[in-house]
Amino acid sequence: MNQTATTASHSRNLGLERRLAQTLEGEVRFDAFTRGRYATDASIYQIVPQGVVFPKSEADIAAALTIAAEHGVPVIARGGGTSQNGQPIGDALILDMSRHFNGIRDYDPAAGTISVAPGLVLEALNAHVRKDGLFFPVEPSTASRCTIGGMTGNNSSGARSLRYGKTVDNVIAMKALFHDGEPFALGDGFAGDNQSIRARDLMTRMLALADGHRAEIEAIFPKVQRRVGGYNLDELLPARPNLSHLLVGSEGTLAITTEATLKLSPLPTHRVMGVCHFPSFRSAMETTKAIVALGPVAVELVDNNVLVLGADIPLFVRTLADITRGQPNCLLLVEFAGDDLAALKHDLKRLDQCMADHGFTDAVVEVVEPSRQKPVWEVREACLNIMMSMKGDGKPVSFIEDCAVPLEHLADYTDAVTALFARHGTRGTWYAHASVGCLHVRPILNMKDEAGVKAMRGIAEEACELVRSFKGSYSGEHGDGISRSEFVEPMFGGPLTRAFEQVKDGFDPDNRLNPGKIVRPLRMDDRSLMRFAPGYATPIPAETALDWSDWGGLGGAVEMCNNNGTCRKMTGGTMCPSWRATQDETHLTRGRANSLRLAISGQLGPDAFTSPEMKETLDLCVSCKGCKRDCPTGVDMARMKIEFLHHYHQRHGLPRKERLIAFLPRYAPYAAKLSALMNLRDRIPLLARLSERWLGFSAKRSLPVWRRPWAQAGRTATPGEVKGDGRDLVLFGDSFNRYFERENLEAAEHVLAAGGYRLHKVEPGDGGRPLCCGRTFLSAGLVEEARSEAKRTLEALAPFVAKGARIVGLEPSCLLTFRDEFGAILPKAEVEPVASAAFLLEELLAADIKAGTTTLPLKDQAGRIAHLHGHCHQKAFAAMSAVEATLRAIPGLDVRPIESSCCGMSGAFGYGAATIDVSFAMGELALLPAVRKAGAGDLIVADGTSCRHQIHDGAGREAMHVARVLAEALEDKADQPS
């Protein structure tokens, strides 16, 4: 039964669910939201599973297989869900191996081997062995989230396969379960009597099958390194075959892997890179073979689409500027690796000469420093996501993505495919492994349209013939799955395809494991199996509170998630802190986007969008905006949460806690006058417990201390007093610093005065309470109230900006609202002048100090260390370099950025009784341990109010705003406020 997400709300298989829940130690989920989240991978397909289990042991897996068989339900093992071709999805029971079944079983650094459970992420494996100078050298671009089980299932490769080969070349042995739960083992150490009788008899038949088709295998199997189509019968032909290699690349259709023993390689001491510039795509393809002859480890293509799109993605702008000269059409990233740095630098000179010999002079940018190479590889690894950042319904579609041809045919093959695309009225995107003739190519098609699906079928069939004519492989890296299993027979012929069917039937006679893949395939153009099935639309909600026109509507914004799973990474960047703390797909940017897409398209029922289940899905999103920056397709879940909360609270009402926080800017002037009363809660335990019970504020969390509010110095200014010489500023006093930490605003006044700026005191036009950005209202989904605050603030500030004044603020979440959400709640034309003139204190100072228009009289701080934690919004809007630059303007100060994700506080989130444990768990991932390690006399610097609060409560240290650090470093402190 081919079951799409249009039936996501169908009745549960209660008998299967009940039996699994009674038997398994791991969790069992059969609700519609969970099944919807597991209906997709990074392909175009979507098939809702029967249910999802999270096994904790081999016994759990065996029991799941047995119980599923009793109910006639197939089983599919899943890792990170990053497959490109629909491998880990189907109308089946899904085993999510990544959640719990992910340990290291045995590690022998002397022998260079490691045995791991299939759910282990590659990056985690390499982090474990790196201390011994080792690594698993098969490194796909998804290394930060792909699992070893997925890699062995697809026979993954990577950028450096030129030297290290594919996964199959690095697998020593495998343990697995047959479809009925019986264990067996294959590979080195599991020969003869060490195998089960069943496995021994089966492999005897498999060896005979391969030998019987030796002539066809030798004649028909493509003679290219990148060949992962069908089953690896060729691996059974050597005199002493490693039998486990038959399981590699089998996509979970033969057995369920429970352990893989892998061969590790020594980490090279040094790597260097040459970035080769080409004026045309064909010139790069024609030169690739000569470059490969130089002996590099990798030769990776970055095409023009990536260069153009990447230039608009904040995460990659600086890196692309660093490695490109002029306007090349495309790049080849050429890496050499070894232990002799001098020899590697000589290799770069040879590369430069090779390019010159082919007519390209001064066309190589050398990247020798490891700190520069890392971001370059991050751009290459994000090529897919960069290209998927195209807005609109037309997207680069994966189905012929990793065809591989011999290098001598590469230029002609790419020309032929480009012409093929043109015949079908489209164009393609190219990137990846030029070194082995395996270029990832995606035609741009609209898969919501029948014409786009027909074009896909036509392109697939013609591309298959092209690959055959060039003696290449139709599946070069990402496996067969749904996209390419239909083309196994055209590529390998009838006799070998029947042999593949015998392999499947020998291991899995009842077709229980991942049916429809490799043999007896599903149709690749069956629209009922696709994410955008016939009739797909996103009519919910009928009207949106925010402006989504840049994406063609809310649906277009949600659909920017391509499921590649960058948000599943556990280190580096910010996103996704709730995933890192829970490792639950529910609390992941991808999981939330899938749930939203299914809900607004009606696939989870008419009321799903404003349901409690959707609220639970978004509850742990801390609106850090890490996804806005770290997600290469720019999925902005924080903005989507505002939209959701707007509609949810309209239907269900606003809880007391959310109301208290949302309306804080409006009652704060009165509350500050009653500070003695307002501050009693933290002094009287009973009040803390009552506030937890009645309001939902955790008794374990301190509340901000109400203070006498900041009173800006000077008289109210008029726009006519602005001189327009770049020295006029309006200091925007946010509610948090104004009422709880006025010393930050006072310090900022002192620093700006010392820098020669003129500060203008601006009052609201209505003469009432202070100006507000509306952030607290947005956090509760109260868009109309936020719009009112934004309009009021713009009306007060716009006349000063028009005369040349700039707006400067201290709290990142508030000030950056000017540049972000203001444009979604008010006309962009009204917002733009003020938004473009709004800067964080450190942004303004860093820019003016660099331009030479400002100097600060700062004392030498030699011997002083400042540990810097960045607010998530500072990271999202690329402001961290300005923070560092401003602090480094202090002579002698040793600035040490803390490599951390979100602090976990996130305003109201960190105060909640229901969320405080997750809040602290986020902080414990990196920030709080780093603060505890800091010296007693070291500075802890954090510009975010929430960040400082989390550091206080979680590590017992005071963190300071940059404004205070600068103020204390000023040479003349006579006028500094106490």
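Provided above is the structure to which this section pertains.
Residues numbered from 1 in each chain as written. Predicted model: local features only at pLDDT ≥ 70, side-chain atom pairs only at ≥ 80, totals over all residues. Heavy atoms only, no water.

**Focus on the overall build of the protein**
Put simply, the rule is: Secondary structure elements follow DSSP: runs of H or I of four or more residues count as helices, runs of E of two or more count as strands, with numbering from the N terminus. For the radius of gyration, the atoms used are the C-alpha atoms, and the globule rule reads 2.2 Å times the number of residues raised to 0.38. Buried, partly exposed and exposed residues are distinguished by accessible area as a fraction of the type maximum, computed with a 1.4 Å probe on protein chains only: under 20%, between the cut-offs, and over 50%, respectively. Any two residues having at least one pair of non-hydrogen atoms within 4.5 Å are treated as being in contact.
The helix and strand tally for the protein stands at 43 helices and 25 strands. A compact globule built from 978 residues would reach a C-alpha radius of gyration of about 30 Å, and the protein, at 30 Å, matches this within 12%. The buried share among the 978 residues of the protein stands at 63%. Intrachain contacts of the protein at a sequence separation of at least 6 include 75% that bridge at least 24 residues.

**Points about the sheet that holds strand 19 (residues 728-732)**
What counts here: For two strands to count as paired, DSSP must find a minimum of two bridges between them. Note on geometry: axes are lines fitted to C-alpha atoms, helical ones only across the stretch in contact, with angles between N-to-C directions running from 0 to 180 degrees.
Spatially, four strands are ordered 20-19-21-22 in an open sheet, and the strand pairing comes out parallel. Where the open sheet ends on each side, the last strands, each with one partner, are strand 20 (758-759) and strand 22 (838-840). Each of strand 19, strand 20 and strand 21 (806-809) touches helix 30 (residues 742-754); the most contacted strand, strand 19, lies at about 170° to it. Packed on one face of the sheet, helix 36 (residues 841-851) meets strand 19, strand 21 and strand 22 and runs near 90° to strand 22.

**With respect to the pairing of strand 17 (residues 428-433)**
Most of strand 17 is tucked away, with six of its six residues classed as buried. Across three bridges, strand 13 (residues 298-302) lies against strand 17 in antiparallel orientation. Pairing of Leu301 across the sheet is with Ala432, part of strand 17. Pairing between strand 17 and strand 18 (residues 438-446): six bridges, direction antiparallel. Along strand 18, the bridge assignment pairs Ala432 with Leu439. Where strand 17 folds back on strand 18, the antiparallel hairpin that results is connected by four residues, among which Gly437 adopts a positive phi of roughly 65°.

**Looking at the environment of His213**
Mapped onto the secondary structure, His213 falls in the loop between helix 7 (197-212) and helix 8 (214-220). Accessibility expressed as a relative area gives 14% for His213, which makes it buried. With 22 residues separating them in the primary sequence, His213 and Glu235 have C-alpha atoms 12 Å apart. Those residues in contact with His213 that sit more than four places away from it in its chain are Pro495, Leu496 and Ala499.

**Remarks on the pattern of salt bridges**
Just so we agree on the cut-off: For salt bridges, the criterion is a side-chain nitrogen of Lys or Arg within 4 Å of an Asp or Glu carboxyl oxygen.
A full pass over the atoms with the stated rule returns 72 salt bridges. When the shortest N-O distance is used, the salt bridge between Asp917 and Lys700 registers 3.0 Å. Placement of Asp917 in helix 40 (residues 916-924) and of Lys700 in the loop between helix 28 (685-695) and strand 19 is noted, with a sequence separation of 217 residues between them. One exposure class covers both Asp917 and Lys700, and it is exposed. Arg932 is the salt-bridge partner of Glu924, the closest N and O atoms lying 2.5 Å from each other. The class of Glu924 is partly exposed, set by a relative accessible area of 35%. What you see here is one network of salt bridges that share partners, running through Lys625, Lys628, Asp636, Arg639, Arg775, Asp820 and Glu821.

**Some details on the state of the cysteines**
So the rule is basically this: When two cysteine sulfur atoms lie within 2.5 Å, the pair is treated as a disulfide.
Applying the stated rule across the entire model yields zero disulfides. We note that Cys772 lacks a disulfide partner, and the nearest cysteine sulfur, in Cys773, lies 5.0 Å from it. Of the residues examined, Cys772 reaches a relative accessible area of 5% and is grouped as buried. Between Cys814, a cysteine without a disulfide, and Cys773, which holds the nearest cysteine sulfur, the sulfur-to-sulfur distance is 3.8 Å. Residue Cys814 is classed as buried on the basis of its relative accessible area, which comes to 3%.

**Let's talk about the packing of aromatic side chains**
Rules: Working definition: a ring pair exists when centres of Phe, Tyr or Trp rings (six-membered ring for Trp) sit within 6.5 Å. Plane angles under 30 degrees give stacked, over 60 give edge-to-face, the rest tilted. Lysine and arginine charges are scored as sitting over a ring when NZ or CZ, respectively, is within 6 Å of the ring centre and within 35 degrees of the ring normal.
Evaluation of the coordinates by the stated rule reveals 24 aromatic pairs. Geometrically, the ring pair formed by Phe663 and Phe777 is edge-to-face, given 5.0 Å between the ring centres and 90° between the ring planes. Here Phe663, found in the loop between helix 25 (656-662) and helix 26 (664-673), pairs with Phe777, found in helix 31 (residues 775-779); they are 114 residues apart in sequence, far enough to count as distant. With a centroid separation of 4.8 Å and an interplanar angle of 20°, the aromatic rings of Phe818 and Phe822 are classed as stacked. Note on Phe822: relative accessible area 0%, which makes it buried. Put simply, the rings of Phe221, Tyr231, Phe492 and Phe500 touch in pairs and so form one group of aromatic residues. One residue, Arg99, lies across the ring of Phe54, its end atom 5.4 Å from the ring centre. Positioned above the aromatic ring of Tyr757, the side-chain terminus of Arg727 is 4.2 Å from the ring centre.

**Examining the nonpolar core**
Rules: Here, nonpolar core means buried Ala, Val, Leu, Ile, Met, Phe, Trp, Tyr and Cys residues that are tied together by side-chain atoms lying within 4.5 Å of each other.
Residues Leu125, Leu233, Ile291, Leu332, Ile400, Tyr474 and Phe507 are the most contacted members of the largest nonpolar core, which totals 117 residues. Of the residues forming this core, the biggest block, nine residues, is contributed by helix 16 (residues 450-469). Ignoring anything within four residues of it in the chain, the contact list for Tyr474 reads Phe399, Ile400, Asp402, Cys403, Ala460, Ala463, Cys464, Val467, Arg484, Phe487 and Met491. Ranked by size, the runner-up nonpolar core spans 85 residues in total, among them Ala717, Phe800, Ala805 and Ala876.

**What to know about the side chain of Arg742**
Selection rule: Here a polar contact is taken to be a pair of N or O atoms separated by no more than 3.5 Å, where protein atoms must pair a possible hydrogen donor with a possible acceptor and residues adjacent in sequence count only if both atoms sit in side chains.
Among the structural elements, Arg742 can be located in helix 30. You can call Arg742 buried: its relative accessible area is 14%. Looking at Arg742, its side chain comes within polar contact range of the main-chain oxygen of Arg708, at 3.0 Å. Residue contacts for Arg742: discarding those within four places in its chain leaves Arg707, Arg708, Pro709, Trp710 and Asn737.

**Points about the sheet that holds strand 1 (residues 27-29)**
Taken in spatial order, the four strands of this open sheet run 1-2-4-3, and their pairing is mixed. Either end of the sheet is taken by a strand with one partner, and the two such strands are strand 1 and strand 3 (75-78). Neighbour-to-neighbour, the strand axes of this sheet turn through a mean angle of 20°, independent of strand direction. Summarising the sheet, strand 3 and strand 4 (residues 93-96) pair through four bridges and their orientation is parallel. Looking at the pairing, Ile76 lines up with Ile94 of strand 4. Most of the contacts of helix 3 (residues 58-70) go to strand 4, to which it runs at about 175°, and overall it touches strand 3 and strand 4.

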